[in-house]
Amino acid sequence: MNLSPLFGAQNGLGRLRAISFSPKLADTNAPRAEAPPLLDSKGLQVGSPESRFGMSRQSLQLLKAYDVRNISGRDLYDLMDVLAANHDIDPQLAADIRGNIDSNGWKTGAERNALQTYDDARDAVVADVKSGKQLPRFADPNLRYQDKLLGLFKQLAGLHDALQKDARVETAAEGGARQAANLMRLDRWMASADRNQQQGLPLPPASKDTYFSITETMDALGIAVNPSHEDLTPSATLERARDGYRKWRDQHPGETLAIELQADKPDDPSVKTANAQPSAPLPQEDVQARAQDKANMLAQAQYGMPVAMLQLIKSVDFNKVSAQQLKQYAGLLRDYGVISQDDVDALTPFIRSGEGSPARYFHDDLADASQQVQETIQSRDLEVNNPQALARQMNRSANDKQALTLIGRMSQLHQQLQFDDRVQAISGDGLRQAGDLAAFQRWTQVEQNPVNRPEDVVPEFSSKDQAEGILRVLQRMGVALTPLQGNPGPSARLESAWKDYQAWRKLNPATQPSMPLTPSARLDAYA
């Protein structure tokens, strides 16, 4: 681990300058002093990254480097510890996340999408309520808690995306989360050790994390805690580490250790010009496009939903998809305002554990729930015939009916649209094409919206699949994507793709992304 000291500690130049306070006669010709900077409610300079994003500089440096949608459990564990110590996130949430990482065996180098993990955890709580396993009033505290956890990860993902466009914030180098956690735990333990010594108390105990953080930092500083390889107890090792670190501090007065930062990468001033200007549409193509636009407006007015969703519903039957496809399908309908979040939640029992068709699953479950209600009412066993058991089964039955109503409405619309020539069907995998386009539109919208407050941060994408979908749309549009060296994550690939897209748009300002669609019949009626 390479630790970079602030104030030039590597070469021993980190000394405080001597400032003279000798009184001087006033110089009437001297320029007026600049007005003091405007500060926000937290005492931070307005417009600074710390004020704009609502976090300390170190936390921002780490979040610029680490993407919670593609992070190892070990790095996430250390990142949560540091963000909480910096008072930038709720310490209880951070402790719970670290506890989840420990208890689930995630504290490894394997990368995972933490945002997706906690989105699934929320779905599990909702599914328990909707399937009658738990009453809403008992699950409500847990559901609110899961929403807080999910909201935190959305915020951290959004901050990572926004920070890629702020050159004022440096990027932590590889291993920065571990470095920051080591330094934080060392400083915290040393402060306790100093207090104990002043009070005549023994050294404070050190947790497993703190112990290894101290020894790793001593190795990084070149402090030999056990040069003779003696069989030392943990307490003896900590005592030698304390003495060695104190000696190091005496030898480097006025210096503070900090995490290593990545070297600045100069922006590539070159702009791609290889993309040719598209040829002007032929007169016949222009007539057909106007006719299709008119047909789209009429269909949108009749059905009361965006054309993109009509095209999706015509292409994919809501009742003939898998559980994970249903989650994506329902999410798209929700995002376009076709259905509500409560409708999406009603489908979670099938999404979590369903097989076969959604309608068959909820039909069978409704029959079972109705039977359970009758058995509960008729039973003389007080453990079976009680208000809570009856309420759970009645809630389950009501949810099944809501889900079946939604599935029936979407399937009926799917059949109706087969006979509506105004609405084009999507070629190929309709659900994937629609998901790709929606992800692309969200990405471009977030990229173009400035972040002026912490509340403005929004993730540009939620998963690796969404990032791949965005890249597929760009390639279909003809955008030449710059090859990247190494094994870049989704965020880095999209950051590079955004620059390629901006260069391409200068040459193709009128071209808009679209899904591959089948030709419409009898459009001459709308020409």
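Calculation notes
- Residues numbered from 1 in each chain as written.
- Predicted model: local features only at pLDDT ≥ 70, side-chain atom pairs only at ≥ 80, totals over all residues.
- Heavy atoms only, no water.
- Helix = DSSP H or I, 4+ residues; strand = E, 2+ residues; numbered from the N terminus.
- Polar contact = N/O pair within 3.5 Å; in protein donor to acceptor, adjacent residues only side chain to side chain.
- Contact = heavy atoms within 4.5 Å.
- Axes fitted to C-alpha atoms, helices over the stretch in contact; angles between N-to-C directions.
- Parallel < 35°, antiparallel > 145°, perpendicular 65-115°, else oblique.
- Nonpolar A, V, L, I, M, F, W, Y, C, P; charged D, E, K, R; others polar.
- Salt bridge = Lys/Arg side-chain N within 4 Å of Asp/Glu carboxyl O.
- Buried < 20%, exposed > 50% of the residue type's maximum accessible area, 1.4 Å probe, protein only.

Student: Can you help me understand the side chain of Ser 411 in this one?
Tutor: Tracing the chain through its elements places Ser 411 in helix H16 (residues 387–417). One polar contact links Ser 411 to Asp 317, side chain to side chain, over a distance of 3.1 Å. Not counting the four nearest positions on each side in its chain, Ser 411 is found in contact with Asp 317 and Asn 319.

Student: Where do I start with the packing of helix H2 (residues 57–65) against helix H6 (residues 136–163) in this structure?
Tutor: Think of two packed helices as two axes; the pair is described by the angle between the axes and how far apart they sit. Following both chains from N to C, one finds H2 and H6 inclined at 85 degrees, their axes separated by 8 Å at the closest point. Taken as axis vectors, H2 and H6 run roughly perpendicular relative to one another. Contact residues: Leu 60, Leu 63, Lys 64 and Ala 65 in H2; Leu 156, Leu 159, His 160 and Leu 163 in H6. In terms of residue class, the contact of H2 with H6 is built from 6 nonpolar, 1 polar and 1 charged.

Student: Even after reading the chapter, I still don't get the pattern of salt bridges, so can you show me in this structure?
Tutor: Two side chains carrying opposite charge are able to pair once their charged atoms lie near each other. Scanning the entire structure with this criterion turns up 34 salt bridges. Its salt-bridge partner being Lys 148, residue Asp 90 comes within 3.9 Å of it at the nearest N-O pair. Of this pair, Asp 90 sits in the loop between helix H3 (73–85) and helix H4 (91–103) while Lys 148 sits in helix H6, and the two are 58 residues apart along the sequence. Exposure remark for Asp 90: the relative accessible area of 32% places this residue in the partly exposed category. Note that Asp 194 and Arg 246 form a salt bridge whose closest N and O atoms lie 2.7 Å from each other. Highlighted residues: Asp 194 in helix H7 (residues 176–198) and Arg 246 in helix H9 (residues 234–251), separated in sequence by 52 residues. By relative accessible area, which is 22% here, Asp 194 ends up partly exposed. When salt bridges with common partners are traced through the structure, they connect Asp 78, Asp 81, Arg 98, Arg 178, Arg 185 and Glu 216 into a single cluster.

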